[in-house]
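Analysis of the macromolecular model
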Amino acid sequence: MQPIGVFDSGVGGLSVLQALRLELPHEHFVYVSDSGHAPYGERDVSHVLQRSLAIGDYLVHSHGARALVVACNTATAAAIAALRAAHPALPVVGVEPALKPAAAHSRTGVVGVLATRGTLASDKFQALLQAQNTQVRFVLQACDGLAAAIEHDDAAQIQALCARYTAKLGHFGATPDAIDTVVLGCTHYAFATGVLQNLLGPAVVLLDAGKPVAQRTHSLLAQSMAENAASTDDQEKTDGVELWTTGAVDTLRDAAQRWLCGAGPVRHVVLG
Ligand code: DGL
């Protein structure tokens, strides 16, 4: 069976891959970590666009991917339209900060958003923000360095940056004007959930987009298979994950062991 291609600038997209594996346990996934060209969130849009297109081509042409999941908010903002134009026959699913679910959840009407500088500055994010309920106030914070600290599993730096950026967001809790819901607008940040929850307290809800992205992928695949019934007939049960990185193999292997309870082999690839 043709795989589903998934990519991120690094290990962050493993948080989405985890949700995809739960949602689609019999699918085969090929994951690319572009850590040789990361972080995306602090680079210019043309870099992220060019990297995303190169990885999309690699997943489709070298692995025969039959769907692409952009497991990175920054790459989605910069490149989802171009990826869809480049691969018009495939479902291409992106990830964006969970503003709408956060607004629906918040009782205080104040929502914090942690994301990369690139995501927050993008037209796509600004349009998403404009489309939200005006009764809710969103407090935005760019988190320079946090994805890199998570990538390198630097516990002291993760703690320090989470403390710095959450302090900048404001105050937290259930009282009016306090932030009671925080959106994790970068897929790396899902791996700092424990640190963030300790800093913010148990009453604050943290929302990432892994599960909704996995559900959306599931429904698009079901649709495309219904439209192309022949491909459903030869469907095999070939669950598994192949991991590729443009950077250090050990980094991705360690992260996969920690967050995916192990996976298939991890290999290096030169792209672009
Ligand atoms: N994981 C990526 C995201 O969701 C970005 C991390 C980076 O800056 O490279 O935005």
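Residues numbered from 1 in each chain as written. Predicted model: local features only at pLDDT ≥ 70, side-chain atom pairs only at ≥ 80, totals over all residues. Heavy atoms only, no water.

**Considerations on the site of the ligand**
In the vicinity of the ligand lie 13 residues, with Ser9, Tyr40, Gly41, Thr74 and His188 positioned nearest. Ser9 places a polar side-chain atom, nitrogen or oxygen, 2.6 Å from an oxygen atom of the ligand. Here an oxygen atom of the ligand and a backbone polar atom of Asn73 are 2.8 Å apart. Contact with the protein chains removes 99% of the 300 Å² of surface that the ligand exposes when unbound. A majority-of-atoms criterion places the ligand in the largest cavity. The residue makeup of the shell around the ligand, split by class, is five nonpolar, seven polar and one charged. (Near = heavy atom within 4 Å. Polar contact = N/O pair within 3.5 Å; in protein donor to acceptor, adjacent residues only side chain to side chain. Areas by Shrake-Rupley, 256 points an atom, 1.4 Å probe, with all protein chains shown as cover. 1 Å grid on protein atoms, 1.4 Å probe; cavity = no way out; pocket = protein on both sides within 12 Å on 5 of 7 lines; lining within 4 Å. Sits in = over half its atoms within 2 Å of the grid points. Nonpolar A, V, L, I, M, F, W, Y, C, P; charged D, E, K, R; others polar.)

**Here we look at the sheet that holds strand 3 (residues 67–70)**
Read from one edge of the open sheet, six strands run 4-3-1-2-9-10, paired in parallel fashion. Looking at strand neighbours, the two that pair on one side only are strand 4 (92–93) and strand 10 (266–268), the edges of this open sheet. Where strand 1 (residues 4–8) meets strand 3, four bridges bridge the pair, whose relative direction is parallel. Within strand 3, the position partnered with Gly5 by the bridge is Leu68. (Pairing = 2+ DSSP bridges. Helix = DSSP H or I, 4+ residues; strand = E, 2+ residues; numbered from the N terminus.)

**Observations concerning helix 8 (residues 155–169)**
Compared with the 21 Å implied by 1.5 Å per residue over 15 residues, the 21 Å span of helix 8 between its first and last C-alpha is a close match. Here helix 8 has its buried residues at Ile158, Leu161, Cys162, Tyr165, Thr166 and Leu169. One face of helix 8 carries all of its buried residues, which in axial projection span an arc of 120 degrees. Exposed residues lying more than 90 degrees from the buried face of helix 8 are Ala156, Ala167 and Lys168. On its buried face, helix 8 sits against strand 5 (110–115), strand 6 (137–142), helix 7 (146–151) and helix 9 (193–200). Gly170 sits one or two residues past helix 8 and shows a positive phi near 135 degrees. (Expected span 1.5 Å × (residues − 1). Buried < 20%, exposed > 50% of the residue type's maximum accessible area, 1.4 Å probe, protein only. Arc of directions from axis to C-beta. Contact = heavy atoms within 4.5 Å.)

**Brief notes about the confidence of the model for the protein**
For the protein, the average pLDDT comes to 93, and 94% of its residues sit at 70 or higher. This stretch, residues 229–238, has a pLDDT under 50; its non-local contacts, to residues over four places away or in other chains, come to eleven contacts. (pLDDT = per-residue confidence, 0-100.)

**Here we look at the packing of helix 8 against helix 9**
When two helices pack together, their arrangement is given by the angle between the helix axes and by the axis-to-axis distance. At a minimum axis distance of 10 Å, the contact between helix 8 and helix 9 shows a crossing angle of 45 degrees. When the axes of helix 8 and helix 9 are compared, the pair comes out oblique. Pair helix 8 / helix 9 crosses with right-handed handedness. Counted together, Ile158, Gln159, Cys162, Ala163 and Thr166 of helix 8 and Val195, Leu196, Leu199 and Leu200 of helix 9 form the full contact between these two elements. (Axes fitted to C-alpha atoms, helices over the stretch in contact; angles between N-to-C directions. Parallel < 35°, antiparallel > 145°, perpendicular 65-115°, else oblique. Left-handed = near helix turned anticlockwise from the far one by under 90°.)

**Things to note about the sheet that holds strand 6**
The strand order across the open sheet formed by four strands is 6-5-7-8, and the pairing between neighbours is parallel. If you trace the sheet from one side to the other, it starts and ends with strand 6 and strand 8 (205–207), each paired once. Pairwise comparison of adjacent strand axes, ignoring direction, gives a mean angle of 25 degrees for this sheet. Across six bridges, the pairing between strand 5 and strand 6 is parallel.

**What about empty space enclosed by the protein?**
All chains considered together, the criterion is met by three cavities of 30 Å³ or more. Its boundaries defined by the atoms lining it, the largest cavity holds a volume of some 80 Å³. In terms of lining, the largest cavity is formed by 17 residues, of which the most central are Ser9, Gly41, Thr116, Ala147 and Cys186. When grouped by side-chain class, the residues that make up the lining of the largest cavity number eight nonpolar, seven polar and two charged. Approximately 60 Å³ is the volume attributed to the second largest cavity. In this structure, the second largest cavity is lined by Ser15, Val16, Asn73, Val95, Glu96, Leu184, Cys186, Thr187, Ala190, Asp208, Ala209 and Gly210. Partitioned by chemical class, the residues of the lining of the second largest cavity number six nonpolar, four polar and two charged. (Points joined across faces, edges and corners; volume = space filled by probe spheres on them.)

**Here's the deal with the state of the cysteines**
Think of a disulfide as a covalent bridge from one cysteine sulfur atom to another cysteine sulfur atom. Enumeration according to the criterion identifies zero disulfides in this entry. Cysteine Cys143 is unpaired, with the sulfur of Cys162 as its nearest cysteine sulfur at 7.6 Å. The thiol of Cys186 is unpaired, and the distance to the nearest cysteine sulfur, on Cys72, comes to 6.6 Å. (Disulfide = S-S within 2.5 Å.)

**Considering the pairing of strand 9 (residues 240–245)**
With five of six residues buried, strand 9 lies mostly within the body of the structure. The sheet contact formed by strand 2 (residues 28–33) and strand 9 spans six bridges and is parallel. The residue of strand 9 that forms the bridge with Val32 is Trp244. Where strand 9 meets strand 10, three bridges bridge the pair, whose relative direction is parallel. Within the sheet, the bridge partner assigned to Trp244 lies in strand 10 and is Arg267.

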